[in-house]
Amino acid sequence: MTETARLSARKTAAVARGVATRGIYATRAENAELWDAEGRRFIDFAAGIAVNNTGHRHPRVMAAVAEQAQAFTHTCFHVAPYESYIALAERLNAATPGDFAKKTMLVTTGAEAVENAIKMARAFTGRSGVISFSGSFHGRTLLGMALTGKVAPYKKGFGAMPPEIVHSPFPNGFHGVTEAEALGQLERLFASSVDPERVAAIIIEPVQGEGGFNIAPASFLRALREICDRHGIVLIADEVQAGMARTGRMFGFDHSAVVPDLVTMAKGLAGGFPLSAVTGRAEIVDAPNPGGVGGTYAGNPLAVAAAHAVLDVIHDEDLCARAAEIGEVIRARLTQIAARQGMECIGDVRGLGAMNAIELVSDRASNAPDAALTAAVVAEAEARGLILLSCGTRYNVIRMLPPLTIPMEQLAEALDILEAALEAAVMKQAA
């Protein structure tokens, strides 16, 4: 029995079934490479699901954490606060969109950031309703999965969801939902399902993550800003996956020049250490009473130190420009592959910066999803040494999230593997 098989058996016996995993058991990683329990090398196009934007174990991140560990690892900010938390709040206040007074709170996970943003919006407005979008993902907590616009696996079997959360269609031209239709449906929701005067917040991802890397048009975000201003609704940008230079700008909303009231961030914020944040208008962030937000591990000193290093690396290594460069290379190669005879399975190539995807279909006339082929491509790539992730409400999207520090020769190698995996999976399906 291989070490991977032994670990898999132990995992099955000891770990909750609902914690889904792949068959790659990591032993070490460096920048864009990862090695498993069998010593096999992989190029990592998942980056811990957009967490390791600065690569695995960036030297500056590791040095910052090691230095902090020599001072203290935990005091709880509620009990004995520390300067590094304050300094990070100041930096995030300056980095997020908007020329107005801002404040920040730090927590641990993306779902926590989202929940606290909703709490702030409700406390500020005195309202309780929230509008999210189809295909969205906002976490696995009770409120997070209620906000999420995808049933399986996130809501299935978990019973009733919290009330006063409404989903509106996300504009998606490939799936036949125009921007005008999405805005019209939102107005119809106000007339038929939820009084806008009861809506505390509208929350949206500038690029949907789990939903399939669907990009919100800039004009749609501008329309949401106008609707929120008209009705006194808080606009929340969920930048958990799209933020921290991933899309070629610091935040996904930066592409539209739309300024949200609150921004949630996590994943790439601390280079692999658990940290998230809510940053926004000071009067909204300050709406909860003292003690109403926070947490025991919120703003852990080690993660805060890592985040300071990540922000330094993004600036000093110009990772926003690097993300744009990486994205151009990926989309050019994918478009070239999709144009080849026999690759009609690629229905769409899309992306923003280094957040890219292909949607696989059984035929381009109907754009019917091909989830089986998607799973086969991911498996073929893994067998050849490339880690990929699937996503999408129809389970037929392959997303690409390489570290923004990936060497260009490894990027080219990964795209060669992806092309070979596509060819192999298509041939096996046709056989």
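Our structure's up above, just so we're on the same page.
Residues numbered from 1 in each chain as written. Predicted model: local features only at pLDDT ≥ 70, side-chain atom pairs only at ≥ 80, totals over all residues. Heavy atoms only, no water.

Enquirer: Honestly, the overall build of the protein in this entry has me stumped. Any pointers?
Expert: Helices and strands together make up the secondary structure of the protein, namely 13 helices and 15 strands. Computed over the C-alpha atoms, the radius of gyration of the protein is 21 Å, within 12% of the 22 Å expected from 2.2 N^0.38 for a compact globule of 431 residues. Projecting the C-alpha coordinates of the protein onto the three principal axes gives extents of approximately 60 × 55 × 45 Å. Classification of the 431 residues of the protein by burial places 55% in the buried group. Taking the intrachain contacts of the protein between residues at least 6 apart in sequence as the baseline, contacts between residues at least 24 apart amount to 72%. (Helix = DSSP H or I, 4+ residues; strand = E, 2+ residues; numbered from the N terminus. Rg over C-alpha atoms; globule rule 2.2 N^0.38 Å. Buried < 20%, exposed > 50% of the residue type's maximum accessible area, 1.4 Å probe, protein only. Contact = heavy atoms within 4.5 Å.)

Enquirer: Help me understand the side chain of Lys102 in this model?
Expert: With respect to the secondary-structure elements, Lys102 resides in strand S4 (residues 102-107). In this structure, Lys102 is buried with no salt-bridge partner, the nearest side chain bearing the opposite charge being Asp99 at 7.4 Å. At 3.2 Å, the side chain of Lys102 and the backbone oxygen of Pro97 are in polar contact. Side-chain polar atoms of Lys102 contact the backbone oxygen of Gly98, separated by 3.0 Å. When neighbours within four sequence positions are excluded, Lys102 is seen to be in contact with Asn93, Thr96, Pro97, Thr279, Gly280, Arg281 and Ala282. (Lys, Arg positive; Asp, Glu negative; His and termini not counted. Salt bridge = Lys/Arg side-chain N within 4 Å of Asp/Glu carboxyl O. Polar contact = N/O pair within 3.5 Å; in protein donor to acceptor, adjacent residues only side chain to side chain.)

Enquirer: Mind showing me how you'd approach the pairing of S4 here?
Expert: Taken residue by residue, a regular strand's side chains alternate between the two faces of the sheet. Within S4, five of the six residues are buried, which leaves it mostly tucked inside the rest of the structure. Two elements, S4 and strand S10 (residues 276-281), share six bridges in a ladder whose sense is antiparallel. Note that in S10 the partner of Leu106 across the bridge is Ala277. (Pairing = 2+ DSSP bridges.)

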